[in-house]
Amino acid sequence: MTRLRRLRRTEPLRDLVRETELTPKHLVQPVFITAGEGVREPIASMPGMERLSISEAVAEVTEIAAAGIRAVLLFGIPASKDEVGSEAYDDEGVVQMAVRALKEAHPEVVVITDVCLCEYTSHGHCGIVREAPHPRTRSGGDAEMVVDNDLTIELLAKTAISHAAAGADAVAPSDMMDGRVGAIRAQLDDEGHSSVPIIAYSAKYASAFYGPFREAAGSTPEFGDRRGYQMDPANGDEAIREAKLDLEEGADVVMVKPALPYLDVIRRVKDATGAPLAAYHVGGEYSMLKAAAANGWIDERAAAMESLTSIRRAGADMIITYFAKDAAAWLMRGRA
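Residues numbered from 1 in each chain as written. Predicted model: local features only at pLDDT ≥ 70, side-chain atom pairs only at ≥ 80, totals over all residues. Heavy atoms only, no water.

A. Local environment of the overall build of the protein. Secondary structure assignment for the protein yields eleven helices and twelve strands. Compactness check: the protein gives a C-alpha radius of gyration of 20 Å against a globular reference of 20 Å for 336 residues, within 12% of the reference. Projecting the C-alpha coordinates of the protein onto the three principal axes gives extents of approximately 75 × 45 × 45 Å. Split into buried and exposed, the 336 residues of the protein put 53% on the buried side. For the protein, the share of sequence-separated contacts (at least 6 apart) that also reach a separation of at least 24 residues comes to 72%. Carbon and sulfur atoms make up 50% of the accessible area of the protein, which amounts to about 15,200 Å² in all. (Helix = DSSP H or I, 4+ residues; strand = E, 2+ residues; numbered from the N terminus. Rg over C-alpha atoms; globule rule 2.2 N^0.38 Å. Buried < 20%, exposed > 50% of the residue type's maximum accessible area, 1.4 Å probe, protein only. Contact = heavy atoms within 4.5 Å. Areas by Shrake-Rupley, 256 points an atom, 1.4 Å probe, with all protein chains shown as cover.)

Now the structure itself:
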């Protein structure tokens, strides 16, 4: 009789047959950049995370890099917001200035920038909004506010160019507008940034797990929701179509977001495309583990590492997670 448990008896034996590798090089640490000087502002719904001014972000990335993390993802929180998200594509915006500072201080760290308008718009949506006839009316009468897809992608491309010009190593459009990857790729190529890769949020679901991020970035929509442009959680086949479209338009990496509720989608997208795949372990996933650990209900380290390993096992090549810095330290201590 074959007894598989023989290979589980000791840690060295388990190490010899371990199928899934998780190391610091697989992790990407999100960083929230805010206006001001010397700012370290705790994010209540995301214990352990802070909004950082540029100088503080440089210091934080020093620690992140020392932990073995090779990449960070920047989100900007501007001093002011308006209806068109103009600070997103301002060459002197918080992200653009942070990119320059981080690349000067840490040229070895891969700096990825989020390309979206939601953190910069006064209404909290991911693009420019306009009035349109309500779908339940044939003409005139009731109207609703909708995101203008085509106008939005022009500003997204402009944002990506400003990030690339500042020195970003990669840009990551997270808006879910149709055609934005192609528009950004064309604009990058036309303006001399053909070497800058695009990490596309290809399957970004309209998820209940984004609440902590929206609190952190002040990006909760003032009206309506994002179900008109983010994906229905019930759909899996659509994720395959979205990923393939993004690759056809010039994406270098595709992404599934969130991660844990969509492990099946991660596996399916990886199998269907064979492309480099990122998964975003989002704020709600992080905060649930933090809250349960704070109450003594789970072992934070064990639960976090199990979660991240499951995302890798499902097929993710890189994991964007708020646990990145801690997980890297846990991994390094485990090898000592």
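B. Quick look at the pattern of salt bridges. Following the criterion strictly, the structure yields 18 salt bridges and no others. For R51, the salt bridge identified is with E215, shortest N-O distance 3.4 Å. Placement of the pair is R51 in strand β3 (residues 50-52) and E215 in helix α6 (residues 211-217), with a sequence separation of 164 residues. According to the relative accessible area criterion, E215 is partly exposed, its value standing at 37%. Across the pair R268 and D237 runs a salt bridge whose closest N-O atoms are separated by 2.5 Å. With R268 in helix α8 (residues 263-273) and D237 in helix α7 (residues 237-249), the pair connects residues that are 31 residues apart, well separated along the chain. A residue is classified by how much of its surface remains accessible, and R268, at 37% relative accessible area, is partly exposed. On the basis of relative accessible area, D237 is assigned to the partly exposed category, the value being 46%. One network of salt bridges, in which partners are shared, links R40, E50, E56, E60, E63 and K325. (Salt bridge = Lys/Arg side-chain N within 4 Å of Asp/Glu carboxyl O.)

C. Geometry of the packing of helix α9 (residues 283-294) against helix α10 (residues 300-314). Viewed as axis vectors pointing N to C, α9 and α10 meet at an angle of 160°, and their least axial separation amounts to 9 Å. On the basis of their axis angle, the class for α9 and α10 is roughly antiparallel. For the element pair α9 and α10, the recorded crossing hand is right-handed. Contacts between α9 and α10 pair L289, K290 and A293 from the former with E300, A303, A304 and S307 from the latter. Along the lines of polarity and charge, the residues of the contact of α9 with α10 split into four nonpolar, one polar and two charged. (Axes fitted to C-alpha atoms, helices over the stretch in contact; angles between N-to-C directions. Parallel < 35°, antiparallel > 145°, perpendicular 65-115°, else oblique. Left-handed = near helix turned anticlockwise from the far one by under 90°. Nonpolar A, V, L, I, M, F, W, Y, C, P; charged D, E, K, R; others polar.)

D. Main features of the packing of α8 against α10. At their nearest, the axes of α8 and α10 sit 8 Å apart, and the two run at 30° to each other. In terms of axis orientation, α8 runs roughly parallel to α10. Residue-level contacts link L263, I266 and R267 of α8 to S310, I311, R313 and A314 of α10. When its residues are assigned to classes, the contact of α8 with α10 shows four nonpolar, one polar and two charged.

E. Up close: the environment of V99. Among the structural elements, V99 can be located in helix α3 (residues 94-105). Assessed through its relative accessible area of 0%, V99 is described here as buried. The spatial distance from the C-alpha of V99 to the C-alpha of A165 is 9.7 Å, given a sequence separation of 66 residues. Once residues within four sequence positions are removed from consideration, V99 is found in contact with L74, V111, T113, H163, A166, G167 and A168.

F. Main features of empty space enclosed by the protein. For the structure on display, the rule yields two cavities of 30 Å³ or more. The residue makeup of the lining of the largest cavity, split by class, is nine nonpolar, three polar and six charged. Its boundaries defined by the atoms lining it, the second largest cavity holds a volume of some 40 Å³. Residue lining of the second largest cavity: V28, L73, I112, A172, I199, M255, M318 and I320, and that is the complete set. Residue composition of the lining of the second largest cavity, by class: eight nonpolar, no polar and no charged. (1 Å grid on protein atoms, 1.4 Å probe; cavity = no way out; pocket = protein on both sides within 12 Å on 5 of 7 lines; lining within 4 Å. Points joined across faces, edges and corners; volume = space filled by probe spheres on them.)

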